[in-house]
Amino acid sequence: MSQQTASFAAGCFWGVEARFREVEGVVDAVSGYMGGEVENPTYKQVCGGHTGHAEAVQVTFDGETVSYEELLDVFFDMHNPTTLNRQGPDFGSQYRSAVYFHNDEQQSETHRKIAEIDQSGKWSSPVVTEVAPAKTFWRAEEYHQRYFEKNGASHCKI
């Protein structure tokens, strides 16, 4: 098995995590925080908007079953990548659209996918998804993990 890591932010991490868990080849999806400057941030700190972190999901996947490009398709399909610091009713920099790449290939594929989406005319505005190197991923508090499974919901409408 060819295990790889990918990291995405697309608004509230509960729905993002749940959606990636549905993808065949995804071994694990974990809610957490990425892209900020504070070490070991808490949910309260991140929601305050002063840590620089986004609510993110770290995905472990079997590259022989699902490609990174397929994960990008799922990511860009699950949210509106043209809204800056907002998804649905959630707003603030912690809800930004972001891809945190783990290697040069992921960076190149992400830029190519964004150009493809912009050229497709799917959205009337350009994609504003942040593309940045993956930094430390801070796992969110346990009550955020598999949130919908624990609380009786089957999915999130994001």
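These numbers were taken from a predicted model, which means no experiment stands behind them.

What counts, and where the lines are drawn
- In this numbering scheme, every chain counts its residues from 1 along its sequence in written order.
- Per-residue local features of the predicted model are confined to residues with pLDDT of at least 70, and side-chain atom pairs are confined, for both listing and counting, to 80 or more; whole-chain, interface and lining totals are unaffected and use all residues.
- Only hydrogens and water are removed before side-chain values are computed, so all heavy atoms of the structure are retained for them.
- Paired strands are those between which DSSP finds at least two bridges.
- In this description a helix means any DSSP run of H or I spanning at least four residues, a strand means any run of E spanning at least two, and both kinds are numbered starting from the N terminus.
- Note on definitions: a residue-residue contact is assigned when non-hydrogen atoms from the two residues lie within 4.5 Å.
- Angular values range over 0 to 180 degrees, each being the angle between N-to-C directions of two axes fitted as lines to C-alpha atoms, with helices fitted over their stretch in contact.
- Every case where a carboxyl oxygen of Asp or Glu lies within 4 Å of a side-chain nitrogen of Lys or Arg is listed as a salt bridge.
- Relative accessible area decides the class of each residue, using a 1.4 Å probe on protein chains only: under 20% of the type maximum gives buried, over 50% gives exposed, and in between gives partly exposed.

**Things to note about the sheet that holds strand β3 (residues 54–62)**
With respect to topology, six strands assemble into an open sheet ordered β7-β6-β1-β3-β2-β8, the strand pairing being mixed. Two strands in the sheet have a free side with no partner beyond their single neighbour: β7 (130–133) and β8 (138–139). In terms of strand pairing, strand β2 (residues 26–34) meets β8 through two bridges, oriented antiparallel. Within β8, the position partnered with glycine 32 by the bridge is arginine 139. The sheet strands contacting helix α1 (residues 13–21) are β1 (3–10), β2 and β3, and the helix crosses β2 at an angle near 165 degrees. Running at roughly 20 degrees to β1, helix α3 (residues 68–77) makes contact with β1, β2, β3 and β6 (97–101) of the sheet.

**Considering the pattern of salt bridges**
Opposite charge on two side chains lets them pair, provided their charged atoms get close. This structure, assessed with the given rule, holds eleven salt bridges. We note a salt bridge from lysine 135 to glutamate 37, for which the minimum N-O separation is 3.2 Å. Within this pair, whereas lysine 135 is found in the loop between β7 and β8, its partner glutamate 37 is found in the loop between β2 and α2 (43–47), the two being separated by 98 residues in sequence. The shortest N-O distance in the salt bridge between aspartate 73 and lysine 113 comes to 2.7 Å. On the criterion of sequence distance, the pair formed by aspartate 73 in helix α3 and lysine 113 in helix α4 (residues 104–120) is long-range, its members being 40 residues apart. Judged by its relative accessible area of 37%, aspartate 73 falls in the partly exposed class. Several salt bridges converge on common partners, so that one network encompasses Glu69, Asp73, Arg112, Lys113 and Glu116.

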